[in-house]
Amino acid sequence: KAGVTQTPRYLIKTRGQQVTLSCSPISGHRSVSWYQQTPGQGLQFLFEYFSETQRNKGNFPGRFSGRQFSNSRSEMNVSTLELGDSALYLCASSLAGEGWAEAFFGQGTRLTVV
Amino acid sequence: AQSVTQLGSHVSVSEGALVLLRCNYSSSVPPYLFWYVQYPNQGLQLLLKYTSAATLVKGINGFEAEFKKSETSFHLTKPSAHMSDAAEYFCAVSDGRDDKIIFGKGTRLHILP
């Protein structure tokens, strides 16, 4: 079966712009989580959605937002981009949404802010 | 609050030698613990997980990890390293209430010929 699909794979944006990243989870998975990966900070949790509800949010400014649709697909949006937002953004989906189930990761979207 | 500490941001071992990657965790509730591997320009792949069943957990590619509550450790081992094991490894913890995963900083494993 198809894995987690993230689009686009690469993105270059200018400071001050906004960007929307998309994540299609594995069919049947209802939980989607987002992570930011940078060389300095490592993997940091952004937010988690289960059945269209945000259940948890990491320590990121309000410029970072997300949503989940009824088909479990998720989007995250970053407004007013800053140079420091350059990172690999990873999406993960899981079946149970209870922490013990395996999280399947997409290949990520590499965002470069110039 | 939960946290994970991985000792050593870089580890080098010779091909055929034992691989040992160290991970210590902190959790106020019984944790779920994971090891993930990341190859260049790829997402993360689960190697193994501990969910309060057996304390010695076997994973893919010959890796295993042992949960030691008294030492709050979950070290990853493999008896004999292969060149294909060169990658970055992440230890992670979850409290099980949702799918939020807290990751360690990662350990890059280098395999010497």
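Here's a quick rundown of the structure. (Residues numbered from 1 in each chain as written. Chains lettered and ligands numbered in written order. Predicted model: local features only at pLDDT ≥ 70, side-chain atom pairs only at ≥ 80, totals over all residues. Heavy atoms only, no water.)

Quick look at the overall build of chain A
Scanning chain A from terminus to terminus reveals zero helices and eleven strands. Mapped from its N terminus to its C terminus, chain A presents α and β elements in the order β-β-β-β-β-β-β-β-β-β-β. Computed over C-alpha atoms, the radius of gyration of chain A comes to 13 Å, within 12% of the 13 Å expected from 2.2 N^0.38 for 114 residues, which places it in the range of a compact globule. Split into buried and exposed, the 114 residues of chain A put 52% on the buried side. A sequence separation of at least 24 residues applies to 54% of the contacts in chain A between residues at least 6 apart. Within chain A, the 7 negative side-chain charges are centred at a point lying 6 Å from the centre of the 11 positive side-chain charges. (Helix = DSSP H or I, 4+ residues; strand = E, 2+ residues; numbered from the N terminus. Rg over C-alpha atoms; globule rule 2.2 N^0.38 Å. Buried < 20%, exposed > 50% of the residue type's maximum accessible area, 1.4 Å probe, protein only. Contact = heavy atoms within 4.5 Å. Lys, Arg positive; Asp, Glu negative; His and termini not counted. Charge placed at Lys NZ, Arg CZ, Asp CG, Glu CD.)

Thoughts on the state of the cysteines
Counted according to the given criterion, the structure contains two disulfides over all chains. With a sulfur-sulfur separation of 1.7 Å, Cys23(A) is cross-linked through a disulfide to Cys91(A). Sign of the S-S torsion, about -55° for the bond between Cys23(A) and Cys91(A), identifies this disulfide as left-handed. On the criterion of sequence distance, the pair formed by Cys23(A) in strand β3 (residues 19–24) and Cys91(A) in strand β9 (residues 87–94) is long-range, its members being 68 residues apart. For the pair shown, Cys23(A) and Cys91(A) are each scored as buried. Here Cys23(B) pairs with Cys91(B) through a disulfide, and the sulfurs are 1.9 Å apart. Here the disulfide of Cys23(B) and Cys91(B) is left-handed, its torsion about the S-S bond being about -65°. Taken as a pair, Cys23(B) in strand β3 (residues 19–26) and Cys91(B) in strand β9 (residues 87–94) lie far apart in primary sequence, 68 residues in all. We classify Cys23(B) as buried; its relative accessible area is 0%. Residue Cys91(B) is classed as buried on the basis of its relative accessible area of 0%. (Disulfide = S-S within 2.5 Å.)

Examining the packing of aromatic side chains
Within the structure shown, the criterion is met by 14 aromatic pairs over all chains. Note on Phe47(A) and Tyr49(A): the rings are 5.8 Å apart at their centroids and 65° apart in plane angle, and the pair reads as edge-to-face. In this structure, Phe47(A) and Tyr49(A) share a single accessibility class: buried. Aromatic side chains Tyr25(B) and Phe67(B) sit 5.8 Å apart centroid to centroid with 25° between the ring planes, which places their arrangement in the stacked category. Of this pair, Tyr25(B) sits in strand β3 while Phe67(B) sits in strand β7 (residues 64–68), and the two are 42 residues apart along the sequence. Of the two residues examined, Tyr25(B) and Phe67(B), each falls in the buried class. (Phe/Tyr/Trp six-rings, centres within 6.5 Å; stacked < 30°, edge-to-face > 60°.)

Notes on the interface of chain A and chain B
Listed per partner, the contact involves 26 residues of chain A and 21 residues of chain B. With both chains or domains summed, chain A and chain B bury close to 1900 Å², and 47% of this area falls on carbon and sulfur atoms. At the boundary of chain A with chain B, the tally comes to zero salt bridges. For the side of chain A that touches chain B, the secondary-structure elements that each account for two or more residues are β4 (31–38), β5 (42–50), β6 (53–57) and β9 of chain A. Looking at which element gives the most residues to the side of chain A that touches chain B, the answer is β4(A), with four residues. Across the side of chain A that touches chain B, the residue classes break down as nine nonpolar, eleven polar and six charged. (Buried area = accessible area lost by both parts, 1.4 Å probe. Salt bridge = Lys/Arg side-chain N within 4 Å of Asp/Glu carboxyl O. Nonpolar A, V, L, I, M, F, W, Y, C, P; charged D, E, K, R; others polar.)

Overview of the pairing of β9(B)
Residues and elements named next belong to chain B. Burial analysis of β9 places eight of its eight residues in the buried class, the great majority of the element. Burial along β9 is two-sided: Ala87, Tyr89, Cys91 and Val93 and Glu88, Phe90, Ala92 and Ser94, pointing in opposite directions, are all buried. Two strands pair when backbone bridges link them, and strand β4 (residues 32–38) and β9 are joined in this way by seven bridges, in the antiparallel orientation. Residue pairing in the sheet places Tyr36 in a bridge with Phe90 of β9. Bridge count between β9 and strand β11 (residues 107–112): three bridges; the pairing is antiparallel. Paired with Glu88 across the bridge in β11 is Arg108. One ladder, built from two bridges, connects β9 with strand β10 (residues 102–103); its direction is antiparallel. (Pairing = 2+ DSSP bridges.)

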